[in-house]
Amino acid sequence: MMYFSPNKDVVTIEEMDFSVYLSDQQIQERISAIADDISQEYIDKNPIFLVVLNGAFRFGADLFNRMDFACEIQFIRVKSYEKMKSTKNITIKGIEEVRLKDRHVIIVEDIVDSGLTMHRLIPMLEELGPKSTAIATLLTKSDALEHDVDIKYVGFDIPDRFVVGYGLDYDEMGRNLSHIYQLIDIIE
Ligand code: IMP
């Protein structure tokens, strides 16, 4: 079950409370700046954006709304989290269908947390012979990073605390929320 407080600044999902951490407006302003940076760099390179589903569907859509140059958009599906924990057991689907040879590739991700997903994905992509690879992620949790990952575009670096909304889920809930909400500490 998911429900809101009367003024909608707290959302409760399965008995856990999350409060607004990044507003829709803050997110959109930051995405505009990232879209400008990417456009400047890739305008004449016909890049391929590789959107990591499910979490990055909103970030990708809002990013592409602001980019009007030649590019391709492809999707892969990655799953690692069970509720609030990474299982370290990462499944990557759809990579066999993407053609990246000699292309500039920009991975579009919702959040880089431990960095394990990107650490596994990048070598798989490199085997397909791209001209370059870069990562654009809306969020990083740099305090949680355990793997060396080279990230070119970052929206916000946030504390190591669970967040939902704007594509990010808790047990598949909350992806539809337009703000990003952070778990409220439970004081016992
Ligand atoms: P990593 O492999 O540890 O870097 O984790 C990356 C994936 O974990 C992301 O693509 C998300 O799907 C998920 N994830 C990490 N932190 C959060 C969070 O705070 N909320 C929701 N999903 C998260």
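Here the structure is shown first, and the text comes after it.
Definitions and cut-offs
Residues numbered from 1 in each chain as written. Predicted model: local features only at pLDDT ≥ 70, side-chain atom pairs only at ≥ 80, totals over all residues. Heavy atoms only, no water. Pairing = 2+ DSSP bridges. Helix = DSSP H or I, 4+ residues; strand = E, 2+ residues; numbered from the N terminus. Axes fitted to C-alpha atoms, helices over the stretch in contact; angles between N-to-C directions. Salt bridge = Lys/Arg side-chain N within 4 Å of Asp/Glu carboxyl O. Buried < 20%, exposed > 50% of the residue type's maximum accessible area, 1.4 Å probe, protein only.

Caption draft 1: Looking closely at the sheet that holds strand β9 (residues 153-157). The strand order across the open sheet formed by 6 strands is β6-β5-β4-β7-β8-β9, and the pairing between neighbours is mixed. Looking at which strands have only one partner, the edges of the open sheet turn out to be β6 (85-93) and β9. Adjacent strand axes in the sheet meet at a mean angle of 25°, parallel and antiparallel pairs treated alike. Of the pairings in the sheet, the one linking strand β5 (residues 72-82) to β6 comprises 5 bridges and is antiparallel in character. Looking across to β6, one finds that Val78 is bridged to Ile92.

Caption draft 2: Layout of the pattern of salt bridges. By the definition in use, this model includes 5 salt bridges. A salt bridge links Glu41 to Lys45; the shortest N-O distance between them is 4.0 Å. For Glu41, a relative accessible area of 34% translates into the label partly exposed. Three or more residues joined by partner-sharing salt bridges are found here, namely Glu41, Lys45 and Lys152.

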